[in-house]
Amino acid sequence: MICLSKLIGVKRQLKDMMDALIDIESGNGNRKILATNDELTADLSYKINQIVYRYERQILQLKAADETNRQIMTSLSHDVRTPLTTLIGYLDAVHRGVIVGKEREEYLEIARRKAHDLKDYIDILFDWFKLNSSEFALAIERVEIAELTRNILKDWIPIFEESYLDYKIEIPEKPLFTRVDMDGYARIVNNLVQNVIVHSQGGQIKIEVAEKETEIEICIEDNGSGIEKNELQHIFERLYKCDKGRSDKGSGLGLSIVRQMVEKMKGRITVQSEPHQYTVFTVFLPLIE
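Details of the packing of aromatic side chains
Move 1: Throughout the structure, instances matching the rule amount to 4 aromatic pairs.
Move 2: Ring centres of tyrosine 90 and tyrosine 107 lie 4.7 Å apart, and the angle between their planes is 70 degrees; on these two criteria the pair is classed as edge-to-face. Of this pair, tyrosine 90 sits in helix α2 (residues 42–95) while tyrosine 107 sits in helix α3 (residues 101–131), and the two are 17 residues apart along the sequence.
Move 3: Given a relative accessible area of 22%, tyrosine 90 falls into the partly exposed group.
Move 4: Grouping aromatic residues by their ring pairs yields a cluster made of Trp156, Phe160 and Tyr167.
Move 5: Directly above the ring of phenylalanine 177 sits arginine 142, whose terminal nitrogen or CZ lies 3.9 Å from the centroid.
Move 6: Its end group placed over the ring of phenylalanine 284, arginine 268 keeps NZ or CZ at 3.9 Å from the ring centre.

As structure tokens, then:
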């Protein structure tokens, strides 16, 4: 039989637990239920504390995600509004007949470029929210990465030439297999190449695929303005934009999306740079038979 003093002790412990739970329910996630090891409610107190801690951590993660999304929407609302406003201005001028002849064609070309800028921002925003959705899933499959990379890059060659960008592409004839989502891999390569064109201010790009022991390396290098050493550690952070050395155009999400996509495919990505000399992004993917 349990003696009366122990029953009184248990009653007091249960009251303390109830008071703590009421405090936690009111929003005090730091409140913990205290119990010594020799108390009958010790195991129960420990378990409740575990549950409270887990839910408090989830709440903090949700708050952080909400804050991130708010920052993204604030940042992109400006980035989207600017090309949209300019686009409307140029098209209105053409529509009213204010601009004629050769200048009219120039206005239409500027409007076309602004429309593409707007599409790029929307694509980035869509990719970000898709990647961070609980319903998002990649279609991972065994893929021959050398041929896939060739097919992706062939569409960039006219753009390199139009941009007067010297290019060198080195992809082995030997088949190299890994496991990726084909659309996701295309997004990785396209984002990194686009990053060079928009931000590097360089005149050369080199893209190389190579087999290195247990991994496949995909390197994208440019000879542009480079990235300062103190900025390299932040380059993959969401909404991060280099303050100097590279173009300020962009959403600050592209490289973060690339890193998330690579990691979801069990790979990794690194960056090396020397200001005013070079920048090289390297994607590592597992090599399989």
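Further notes follow.
A word on helix α8 (residues 254–264)
Move 1: With respect to burial, α8 is a largely interior element, 8 of its 11 residues being buried.
Move 2: Of the residues making up α8, those classed as buried are Gly254, Leu255, Ser256, Ile257, Val258, Gln260, Met261 and Val262.
Move 3: Just downstream of α8 lies lysine 266, where phi reads positive at about 65 degrees.

Concerning the nonpolar core
Move 1: Ile145, Tyr185, Ile188, Leu192, Val193, Ile205 and Val283 are the most contacted members of the largest nonpolar core, which totals 43 residues.
Move 2: Looking at this core element by element, the count peaks at 7 residues for helix α6 (residues 182–200).
Move 3: Filtering out sequence-adjacent residues up to four positions away, isoleucine 205 remains in contact with Phe160, Leu165, Asp166, Tyr167, Lys168, Val193, Val196, Ile220 and Glu221.
Move 4: Judged by nonpolar contacts, the second largest core, of 6 residues, contains Met17, Ala20, Ile24 and Ile48.

Overview of the pattern of salt bridges
Move 1: Evaluated as defined, the whole model comprises 10 salt bridges.
Move 2: We note a salt bridge from lysine 168 to glutamate 170, for which the minimum N-O separation is 3.2 Å.
Move 3: Residue lysine 168 is classed as partly exposed on the basis of its relative accessible area of 45%.
Move 4: The exposure class assigned to glutamate 170 is partly exposed, which follows from its relative accessible area of 28%.
Move 5: In this structure, lysine 174 engages glutamate 211 in a salt bridge whose closest nitrogen and oxygen atoms are separated by 2.8 Å. A residue pair is termed long-range when its members are at least 10 positions apart, and lysine 174 in the loop between β2 (166–170) and β3 (177–180) and glutamate 211 in strand β4 (residues 204–212) qualify at 37 residues.

Focus on the environment of valine 283
Move 1: Mapped onto the secondary structure, valine 283 falls in strand β7 (residues 278–286).
Move 2: Exposure remark for valine 283: the relative accessible area of 2% places this residue in the buried category.
Move 3: For the pair valine 283 and isoleucine 218, spaced 65 residues apart in sequence, the C-alpha to C-alpha distance is 5.0 Å.
Move 4: Setting aside residues no more than four positions away along its own chain, valine 283 makes contact with Ile188, Leu192, Ile216, Glu217, Ile218, Val262, Arg268 and Ile269.

Focus on helix α4 (residues 145–153)
Move 1: Of the positions making up α4, those classed as buried are Ile145, Ala146, Leu148, Thr149, Ile152 and Leu153. What you see down the axis of α4 is that its buried residues fit within an arc of 165 degrees, all on one side.
Move 2: Sitting at the head of α4, glutamate 144 places a side-chain oxygen 2.9 Å from the backbone nitrogen of alanine 146.

Some points on the pairing of β4
Move 1: In this structure, β2 lies alongside β4, joined through 5 bridges in parallel fashion. Opposite lysine 168, over in β4, you have lysine 206 as the bridge partner.
Move 2: Sheet topology note: the β4/strand β5 (residues 215–222) ladder contains 8 bridges and is antiparallel. Across the sheet, residue isoleucine 205 finds its bridge partner in β5, namely aspartate 222.
Move 3: Between β4 and the antiparallel strand that follows it, β5, lie 2 residues; glutamate 213 among them carries a positive phi value of about 55 degrees.

Rules used in this analysis
Residues numbered from 1 in each chain as written. Predicted model: local features only at pLDDT ≥ 70, side-chain atom pairs only at ≥ 80, totals over all residues. Heavy atoms only, no water. Phe/Tyr/Trp six-rings, centres within 6.5 Å; stacked < 30°, edge-to-face > 60°. Helix = DSSP H or I, 4+ residues; strand = E, 2+ residues; numbered from the N terminus. Buried < 20%, exposed > 50% of the residue type's maximum accessible area, 1.4 Å probe, protein only. Lys NZ or Arg CZ within 6 Å of the ring centre and 35° of its normal. Core = buried A, V, L, I, M, F, W, Y, C linked by side-chain atoms within 4.5 Å. Contact = heavy atoms within 4.5 Å. Salt bridge = Lys/Arg side-chain N within 4 Å of Asp/Glu carboxyl O. Arc of directions from axis to C-beta. Polar contact = N/O pair within 3.5 Å; in protein donor to acceptor, adjacent residues only side chain to side chain. Pairing = 2+ DSSP bridges.

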